[in-house]
Amino acid sequence: MERQLGQITFTNRQLGILIFPLVIEQFLNVAVGLADSVMVASVGEAAVSAVSLVDSVNVLLIFALNALATGGAVVCGQFLGRKDLQRACDAGQQLVVFVTLIALGIMAALYGTKYFILHGLFGQIEADVMANASTYFLIVEASIPFMALYSAGAAIFRVMGNSSVSMKVSIGMNLVNVCGNAALIYGVGMGVEGVAVPTLVSRILAAAAVILLLHRPGYLIHLNRPFHYRYQGNMVKKILRVGIPSSIESSLFQLGKVMLLSVVSAFGTASIAANAIGNSIATIQTLPAAAIGVGMITVVSQCAGARDFEHARFYTRKLMKWAYVLMLIWNLLLFAVQPVLVGLYHVSEEASHLAMIILWLHGGLGILMWPAAFTLPQALKGAGDTSYVMIAAVASMWTFRILTGFLFAKYLGQGVLGIWYAMFIDWVARTILFIVRYKGKKWENKYVK
């Protein structure tokens, strides 16, 4: 009888309203990231190196917290699907507070281990780079709790199907960041502080915006007015059961990518540059399918909450078709302008040639496999099957992308291209693992009870 709680339906218009802002949001995040890189480069090599080193740590934490928030929001979506609005609100409130407390703990740990991170983890670096890294670290680490708070609030809005709110807040945050960087770097002539301060300010404003909006009782999921918090251990356990595997998966995925950079660095400047260009533009190549994956969590979580797995499968198939069609159209357009995009980096002919090969392979094979390897598992996450996704993704990455990457690149003489060949093998493994799981029935029993 549990499986007959009700039916969840989304019209094509509703799906479009959900997904379009997600595409815009992800595109702007990539574009702003590129703009930030250009402005940081104008400060000098020491600042670029310092920001890059500190952000190599921060990116692991931010992705982990964002995955935890998104996974926790699945609980909100499932209660929403079963029309239990009170428990959906309770889950939202527990998520916001708990993610923020975790982020505060992480921030305290970062400040407490600052010397080890800068001197032990980064090793012997030049004095001016170390000074810049220390300054950037002190300022930007204070933004971690605010980034977590924004991620939790944005995830709640997305799971309600109101992705336009997270898009607008994201646009505002990125505008403050970019304009702040431009004003402090070019206008005031500040160094690394001109990069760090706008990051902190923009994240504070974004966190404040989503929390203020979540206090509006007109939203299906909202926070108490006036705010008062009562710990609900059972609800926190539900959030952690879904959110922690997503967080572990995301952080280990990013860690694996960082490890492979050490392999690439041994192949010389041209390979390092080609790999960096490939990573930047490859992210753009996957934008449509990535955005659809975020939307799929909203759709499937509500269907799973209502025990309506017939519609969960129906919308998964529909959104997967959209992902493949949009990936094809989008990448054909990118292929047409790919020489221009690579040319913007002004690298050597060897680096440019390698980057072009990487992007042709990544875009072409991405059209065939990326949605199945990365969009489809979002449906499983939406149903609460995050432990399987974590185990499958981590096992595939560390077996194929990492170990095979070392084998191809270092021992079979494939160089930087070997790293990418191994990644494509990882895609094949992920595709098989997630299609087999989706075709089975076990993921339908992982909903929040």
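Summarised in this report is the structure supplied together with it. (Residues numbered from 1 in each chain as written. Predicted model: local features only at pLDDT ≥ 70, side-chain atom pairs only at ≥ 80, totals over all residues. Heavy atoms only, no water.)

**Some thoughts on the overall build of the protein chain**
In step 1: In terms of regular secondary structure, the protein chain is built from 15 helices and zero strands.
In step 2: Here the protein chain has a C-alpha radius of gyration of 22 Å; the compact-globule value for 449 residues is 22 Å, and the two agree.
In step 3: By principal-axis analysis of the C-alpha atoms, the protein chain measures approximately 65 × 45 × 35 Å.
In step 4: Counting every position in the protein chain, which comprises 449 residues, the buried fraction comes to 54%.
In step 5: Taking contacts inside the protein chain between residues at least 6 apart in sequence as the whole, the part at least 24 apart equals 84%.
In step 6: Summed over all atoms, the accessible surface of the protein chain reaches about 19100 Å², with 68% contributed by carbon and sulfur.
In step 7: For the protein chain, the distance from the average position of its 31 positive side-chain charges to the average position of its 19 negative side-chain charges is 15 Å. (Helix = DSSP H or I, 4+ residues; strand = E, 2+ residues; numbered from the N terminus. Rg over C-alpha atoms; globule rule 2.2 N^0.38 Å. Buried < 20%, exposed > 50% of the residue type's maximum accessible area, 1.4 Å probe, protein only. Contact = heavy atoms within 4.5 Å. Areas by Shrake-Rupley, 256 points an atom, 1.4 Å probe, with all protein chains shown as cover. Lys, Arg positive; Asp, Glu negative; His and termini not counted. Charge placed at Lys NZ, Arg CZ, Asp CG, Glu CD.)

**Quick look at the packing of aromatic side chains**
In step 1: Under the defined criterion, the tally for this structure stands at 13 aromatic pairs.
In step 2: Judged by centre distance (6.4 Å) and plane angle (85 degrees), the rings of Phe374 and Trp427 are edge-to-face. With Phe374 in helix α13 (residues 349–382) and Trp427 in helix α15 (residues 416–439), this pair connects stretches of sequence that are 53 residues apart. The same class applies to Phe374 as to Trp427, namely buried.
In step 3: When the ring centre of Tyr447 is taken as reference, the NZ or CZ atom of Lys449 above it lies at 4.6 Å. (Phe/Tyr/Trp six-rings, centres within 6.5 Å; stacked < 30°, edge-to-face > 60°. Lys NZ or Arg CZ within 6 Å of the ring centre and 35° of its normal.)

**A look at the packing of helix α10 (residues 269–285) against helix α12 (residues 309–343)**
In step 1: Interhelical geometry of α10 versus α12 gives an angle of 150 degrees and a closest axis separation of 10 Å. The angle between α10 and α12 falls in the class roughly antiparallel. The way α10 lies across α12 gives a crossing that is right-handed. Packed against α10, whose contacting residues are Ile277, Ile281, Ile284 and Gln285, the element α12 presents Met327, Trp330, Asn331, Leu334, Phe335, Gln338, Leu341 and Val342 at the interface.
In step 2: Its residues assigned to classes, the contact of α10 with α12 shows nine nonpolar, three polar and no charged. (Axes fitted to C-alpha atoms, helices over the stretch in contact; angles between N-to-C directions. Parallel < 35°, antiparallel > 145°, perpendicular 65-115°, else oblique. Left-handed = near helix turned anticlockwise from the far one by under 90°. Nonpolar A, V, L, I, M, F, W, Y, C, P; charged D, E, K, R; others polar.)

**Here's the deal with unusual backbone geometry**
In step 1: Notably, Lys83 is not glycine yet its phi reads approximately 65 degrees, a positive angle.
In step 2: Look at Arg307: it is not a glycine, yet its phi comes out positive at around 60 degrees.
In step 3: You can see Arg307 is positioned in the loop between α11 (287–305) and α12.
In step 4: Judged by its relative accessible area of 6%, Arg307 falls in the buried class.

**Comments concerning the layout of surface pockets**
In step 1: When its volume is computed, the second largest pocket comes out at roughly 170 Å³.
In step 2: Lining the second largest pocket, in full, are Gln86, Cys89, Asp90, Gln93, Gln94, His222, Asn224, His228, Arg230 and Gln232.
In step 3: Here the lining of the second largest pocket is composed, by residue class, of one nonpolar, seven polar and two charged. (1 Å grid on protein atoms, 1.4 Å probe; cavity = no way out; pocket = protein on both sides within 12 Å on 5 of 7 lines; lining within 4 Å. Points joined across faces, edges and corners; volume = space filled by probe spheres on them.)

**Details of the environment of Leu18**
In step 1: With respect to the secondary-structure elements, Leu18 resides in helix α1 (residues 12–41).
In step 2: For Leu18, a relative accessible area of 3% corresponds to the buried category.
In step 3: In this structure Leu18 touches Arg158, Gly161, Ser163, Gly295, Thr298 and Val299, once residues within four positions along its chain are discounted.

**Structural notes on the pattern of salt bridges**
In step 1: Counted by the stated rule, this structure contains five salt bridges.
In step 2: For Glu25, the salt bridge is made with Arg158, and the minimal N-O distance between the two is 2.7 Å. Separated by 133 residues along the polypeptide, Glu25 in helix α1 and Arg158 in helix α6 (residues 144–159) bring together distant segments of the chain.
In step 3: A residue is classified by how much of its surface remains accessible, and Glu25, at 5% relative accessible area, is buried.
In step 4: Using a relative accessible area of 13% as the deciding quantity, one classes Arg158 as buried.
In step 5: Measuring nitrogen to oxygen at the nearest pair gives 3.2 Å for the salt bridge that ties Glu249 to Lys381. Remark: Lys381 occurs in helix α13 and Glu249 occurs in helix α9 (residues 233–264); sequence separation between them is 132 residues.
In step 6: For Glu249, a relative accessible area of 11% gives the class buried. (Salt bridge = Lys/Arg side-chain N within 4 Å of Asp/Glu carboxyl O.)

**Focus on a positive patch on the surface**
In step 1: On the surface, a cluster of positive charge is made up of Arg241, Lys442, Lys446 and Lys449.
In step 2: Along the chain, Lys449 turns up in the segment after α15. (Patch = residues over 30% accessible without salt bridge, like charges linked within 9 Å, V, L, I, M, F, W, Y side chains within 5 Å.)

**Looking at the environment of Ala208**
In step 1: With respect to the element layout, Ala208 can be found in helix α8 (residues 193–214).
In step 2: Between the C-alpha atoms of Ala208 and Ile139, which are 69 residues apart in sequence, the distance is 19 Å.

**Quick look at empty space enclosed by the protein**
In step 1: Counting across every chain of the model gives one cavity of 30 Å³ or more.
In step 2: Its boundaries defined by the atoms lining it, the largest cavity holds a volume of some 30 Å³.
In step 3: If you trace the largest cavity, you find it lined by Glu249, Leu252, Phe253, Ala393, Val394, Met397, Trp398 and Arg430.
In step 4: Of all elements in the fold, only α9 and α14 (386–411) reach the threshold of two or more residues within the lining of the largest cavity.
In step 5: At four residues, the largest contribution of residues to the lining of the largest cavity is made by α14.
In step 6: Grouping the amino acids of the lining of the largest cavity by side-chain chemistry returns six nonpolar, no polar and two charged.

**Points about a nonpolar patch on the surface**
In step 1: Taken together, the side chains of Val325, Leu328, Ile329, Leu332 and Leu333 present a nonpolar region at the surface, about 460 Å² in accessible area.
In step 2: Looking at the element boundaries, Leu332 is found in helix α12.

**What to know about the side chain of Ser163**
In step 1: Structurally, Ser163 is set in helix α7 (residues 163–187).
In step 2: Classification of Ser163 as buried rests on a relative accessible area of 0%.
In step 3: With near-sequence residues (within four places) excluded, Ser163 lies in contact with Ile17, Leu18, Pro21, Leu22 and Phe157.

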